[in-house]
Amino acid sequence: MCFPSYKYPLVFGDPKSSLILHLLYISPKPLLKSLHLIKGWYYMIELCESDGNVSPLESRKRNRSGCASSRHRLEVVTELGPEEVRWFYKEDKKTWKPFVGHDSLNIELMYRKFCELNPVELDQEVEERDEDIRISVGAVCVRGGLYQVDVREKECYPVYWNQQDHIPVMRGQWFIDGTWMPMEEDESDLIEKEHLTCFRGQQMQDSFENDVVVKTVDTKDAIHSLKLSRSHVDWHSVDEVYLYSDATTSKIARTVTQKLGFSKASSSGTRLHRGYVEEASLEDKPPQTTHIVFVVHGIGQKMDKDRIIKNTGMLREAVRKMEEKHFAEHTDEHVEFLPVEWRSKLVLDGDTVDSITPDKVRGLRDLLNSSAMDIMYYTSPLYRDEITKGLTQELNRLYSLFCSRNPEFEEKGGKVSIISHSLGCVIAYDIMTGWDPVRFCLQEQQEPDEEELRWMSYEERHLLEQVHLTRQRLRELEDQLQGLEASKPLAPPALKFKVENYFCMGSPLAVFLALRGIRPGNTGYQDHIMPKSICQRLFNIFHPTDPVAYRLEPLVLKHYSNITPVQIHWCNTTNPTPYDEMKPTFLNPVKDPVSDTESLPSPSTSPVMTRRHYGESITNLGKASILGAASIGKGIGGMLFSRFSRSSSQPSGVDSGAVESEEKSQSAYGLSTMSQSTSTIIDTAVEMEHRIDFELREGLVESRYWSAVTSHTAYWTSHDVALFLLTFIYKSQSSSQTSEDNPDPE
């Protein structure tokens, strides 16, 4: 049941208007939602009755498309209402995309305010008034608050990051039939101006079916025509408007078809519609953001400054598709992704590296300086602090800016997660855990051996004794200072927010931890790597052929090097097994040697052997070598992270005897972890509290050598990754709501 909306003016005191209002208000389901006052006239809004099984958005679309002709009943030609105009943006420089109804309506209202305050601007540019114009009219927040629209410049620009190319926006009034794409704004303005000049106040015809309109056009000549630059528009009636191309080929085709008996409109004309197919509504908007995800880039950002912005945009687009498909019922929750660009603001060594770079093969050298050099910067004690401070400041800036623009986020318990890629995983991890190698570099000093003491002079020995006494006195002073500091309130954390989930993609974090001396535990908890007091869940997402990615689980439990990572579900899998219910699968399961034939490959065991072959790939062999090398000696990192194993957040501690036996067994750990014999001495009954390693599935026709080149940057467009992220983000949201509804009796 369709009624005219925003077209038929209702004036109190008019008998016809009073009758319509009376019928609307006495109906069982009131159809009149609101009245808008524009220029002394009251207009009805959203008068289409919606079915209980149809969403409001679909109902509005059906209003303007299914009732495209019948909505003209009793209507007269006036200016288009704000809800009939639709604003568009062109983000990919290819196609115009419509703003949602809420955004388009706000932009149109601000644009009309701008036109009222600056009537001269409609005809000519006045440069002297630019500053006054920008002050008099404000920007409009759109697309969930990520962007703002400047109606003066008709540009859209981001709020939380810098972008070189601004996004153009346009105002649509006339639209092409079928696609509902807008006409070019200058041509649309000319058509609208001509339409109001010729037909203002005239009543539209009472027609209900499209085929009736076609027959009417076939029997009518154009009553009015407008010449455009490369086309012309013919009016066959008030609401029957057609666009014709003036290209030579179009003219020839039009002449031939007319001689064959076809009409001009049906043969080569394109029908135009005045007003968008879907009326804009303030209710048509995404829900308030309940979870923000910061996306941290790795190396190579200096080479392409907008790369993380584009990658985050691709990830956001994939997430939106998965939300519509799998999480449509989460209407009160909204996840937003914000790119964190930390590299461009850093100075580091200035141009020193560029000045020492040879000129030969300059392109390749510049590529390495702009990408791989970031790893050397971060491992340098001179520049490491600058990098960590830069990322920390950017994270805190974005969080503070978001909370200032969304004050209800913290009030309603909004959550924050971090997604890091490549080297960004290591930097963000060090910021969250507070790891700093410089503070511990002097804690273990190499003592001279007996051979060196034998050749020392008396003065050298005397100075060495003084050094020992000074170090001992220094330790006593440090202990006293630590005692005083312990009585003070704890220093605030580096980040202004608590991290709910930490997602690592293509991460080399495991190899960094291994080189810092981190060793596997025997409890199955991740606290010696990432305490829960810092972050609730840690996820390590990687592609099987990503040469930069390493596994984290073998640093928690040693025997997990022989257990496959959790396979990430395809995005189109029906009824997948929940990740927390998936049982560990061994790469090379141990069998009782009943006979020699059982060790031979068979159709039932060949998949396992194939998987075993993948486990011994170059990447995993390199990882095992590094782990083996890192297991020799205690290392500085073991001293630091030993405090995590003793922290109160760890459910079960490890006694000193177990630690000592663990240290003695480290020398035997390395390449042997990939052999089957280790499974006989490792307690495989211990399982992890939560799985950490999650592996993407390889394509059926995917070349591993080519995939090794492209896999490290393939996470951003993967719908499997997008669905995986949403699965755990929405899970954390629901679990937190459950805990709030059912608090502990303690």
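Residues numbered from 1 in each chain as written. Predicted model: local features only at pLDDT ≥ 70, side-chain atom pairs only at ≥ 80, totals over all residues. Heavy atoms only, no water.

## A word on the overall build of the protein chain
(1) Moving on: Helix and strand counts for the protein chain come out as 24 helices and 21 strands.
(2) Moving on: Counting every position in the protein chain, which comprises 746 residues, the buried fraction comes to 45%.
(3) Moving on: Look at the contacts in the protein chain between residues 6 or more apart in sequence, and 74% of them connect residues 24 or more apart.
(4) Moving on: Surface accessibility of the protein chain: about 40,000 Å² in total, with carbon and sulfur atoms responsible for 56%. (Helix = DSSP H or I, 4+ residues; strand = E, 2+ residues; numbered from the N terminus. Buried < 20%, exposed > 50% of the residue type's maximum accessible area, 1.4 Å probe, protein only. Contact = heavy atoms within 4.5 Å. Areas by Shrake-Rupley, 256 points an atom, 1.4 Å probe, with all protein chains shown as cover.)

## Points about the pattern of salt bridges
(1) Moving on: According to the stated counting rule, one finds 28 salt bridges in the structure shown.
(2) Moving on: Across the pair R362 and D359 runs a salt bridge, and its minimum N-O distance is 3.5 Å.
(3) Moving on: R362 sits in the partly exposed class, given a relative accessible area of 27%.
(4) Moving on: According to the relative accessible area criterion, D359 is exposed, its value standing at 64%.
(5) Moving on: Where E553 meets R551, a salt bridge forms, and the shortest distance between an N and an O atom there is 2.8 Å. Assigned by exposure class, E553 and R551 land together as buried. (Salt bridge = Lys/Arg side-chain N within 4 Å of Asp/Glu carboxyl O.)

## Overview of the sheet that holds strand 14 (residues 270-274)
(1) Moving on: Here we have five strands laid out as an open sheet, ordered 10-14-13-12-11, and antiparallel in their pairing. Each edge of the open sheet is held by one strand with a lone partner, namely strand 10 (174-176) and strand 11 (224-227). Neighbour to neighbour, the strand axes of the sheet diverge by 30° on average, direction disregarded.
(2) Moving on: Direction of pairing for strand 12 (residues 231-237) relative to strand 13 (residues 240-245): antiparallel, over a ladder of six bridges. Each residue of the ladder has a partner; that of W235, found in strand 13, is V241.
(3) Moving on: Here helix 5 (residues 185-199) sits on the sheet and contacts strand 10, strand 11, strand 12 and strand 14; the angle it forms with strand 11, its principal contact strand, is near 155°. (Pairing = 2+ DSSP bridges. Axes fitted to C-alpha atoms, helices over the stretch in contact; angles between N-to-C directions.)

## Quick notes on the sheet that holds strand 16 (residues 335-340)
(1) Moving on: Spatially, the seven strands line up as an open sheet ordered 16-15-17-18-19-21-20, and their pairing is parallel. Each edge of the open sheet is held by one strand with a lone partner, namely strand 16 and strand 20 (566-567).
(2) Moving on: Of the pairings in the sheet, the one linking strand 15 (residues 291-296) to strand 17 (residues 415-421) comprises six bridges and is parallel in character. Residue pairing in the sheet places F294 in a bridge with I418 of strand 17.
(3) Moving on: Against the sheet, helix 13 (residues 384-405) touches strand 15, strand 16 and strand 17, its axis set at about 155° to strand 15.
(4) Moving on: With respect to the sheet, helix 15 (residues 423-433) is in contact with strand 15, strand 17 and strand 18 (499-505), its orientation differing from that of strand 18 by roughly 155°.

## Remarks on the nonpolar core
(1) Moving on: Among the nonpolar cores identified, the biggest contains 114 residues, and F294 and Y502 are the most heavily contacted of them.
(2) Moving on: Excluding residues that lie within four positions of it along the chain, F294 makes contacts with L338, V340, L395, L398, Y399, V416, S417, I418, I419 and F497.
(3) Moving on: W174, L226, L228 and W235 belong to the second largest nonpolar core, which has 15 residues in total. (Core = buried A, V, L, I, M, F, W, Y, C linked by side-chain atoms within 4.5 Å.)

## As for the environment of S188
(1) Moving on: Among the secondary structure elements, S188 is positioned in helix 5.
(2) Moving on: Classification of S188 as buried rests on a relative accessible area of 0%.
(3) Moving on: Distance from S188 to R171, taken between C-alpha atoms, is 8.8 Å for residues 17 residues apart in sequence.

## Topic: unusual backbone geometry
(1) Moving on: Phi is positive for W180, which is not a glycine, with a value near 55°.
(2) Moving on: Looking at the secondary structure, you find W180 in the loop between strand 10 and helix 5.

## Quick word on the state of the cysteines
(1) Moving on: Counting across every chain of the model gives zero disulfides.
(2) Moving on: C425 takes part in no disulfide bond, and the closest cysteine sulfur, belonging to C504, lies 4.1 Å away. (Disulfide = S-S within 2.5 Å.)

## A word on helix 5
(1) Moving on: End to end, helix 5 covers 21 Å across 15 residues, agreeing with the expected 21 Å (1.5 Å per residue, within 8%).
(2) Moving on: Packing partners of the buried residues in helix 5 comprise strand 9 (167-172), strand 10, strand 11, strand 12 and strand 14.
(3) Moving on: Backbone geometry just after helix 5 places G201 at a positive phi near 85°. (Expected span 1.5 Å × (residues − 1).)

## So, a nonpolar patch on the surface
(1) Moving on: A surface patch of nonpolar side chains, amounting to about 460 Å² of accessible area, comprises M303, V361, L364, L367 and L368.
(2) Moving on: With respect to the helices and strands, L364 occurs in helix 11 (residues 362-370).
(3) Moving on: What makes L364 partly exposed here is its relative accessible area of 48%. (Patch = residues over 30% accessible without salt bridge, like charges linked within 9 Å, V, L, I, M, F, W, Y side chains within 5 Å.)

## Looking at the pairing of strand 11
In the case of a regular strand, side chains alternate between the two sheet surfaces.
(1) Moving on: Both strand 11 and strand 12 contribute to a ladder of four bridges, which runs antiparallel. For K227, the partnering residue across the bridge sits in strand 12 and is H232.
(2) Moving on: Hairpin connection between strand 11 and strand 12: a loop of three residues separates the two successive antiparallel strands.

## Side note on the packing of aromatic side chains
(1) Moving on: Taken as a whole and assessed by the stated rule, the structure comprises 25 aromatic pairs.
(2) Moving on: Judged by centre distance (5.1 Å) and plane angle (45°), the ring pair of Y399 and F497 falls under tilted. Here the residue Y399 occupies a position in helix 13, and F497 occupies one in the loop between helix 17 (458-486) and strand 18, the gap between them amounting to 98 residues. For the pair Y399 and F497, one class covers both residues: buried. (Phe/Tyr/Trp six-rings, centres within 6.5 Å; stacked < 30°, edge-to-face > 60°.)

## Topic: the packing of helix 13 against helix 15
The description of two helices packed together rests on the angle between their axes and the distance between the axes.
(1) Moving on: Running from N to C, helix 13 and helix 15 point in directions that differ by 80°, and their axes come no closer than 10 Å. Comparing the axis directions of helix 13 and helix 15 gives the class roughly perpendicular. Between helix 13, through R384, I387, T388, L391 and T392, and helix 15, the contact on the second element is made entirely by I427, A428, D430 and I431. (Parallel < 35°, antiparallel > 145°, perpendicular 65-115°, else oblique.)

## Overview of the pairing of strand 17
(1) Moving on: Among the seven residues in strand 17, seven count as buried, and that is most of the element.
(2) Moving on: Neither face of strand 17 is left uncovered, since the one carrying K415, S417, I419 and H421 and the one carrying V416, I418 and S420 both have all their residues buried.
(3) Moving on: By the bridge criterion, five bridges tie strand 17 to strand 18 in an arrangement that is parallel. Bridge assignment links H421 to a residue of strand 18, and that residue is M505.

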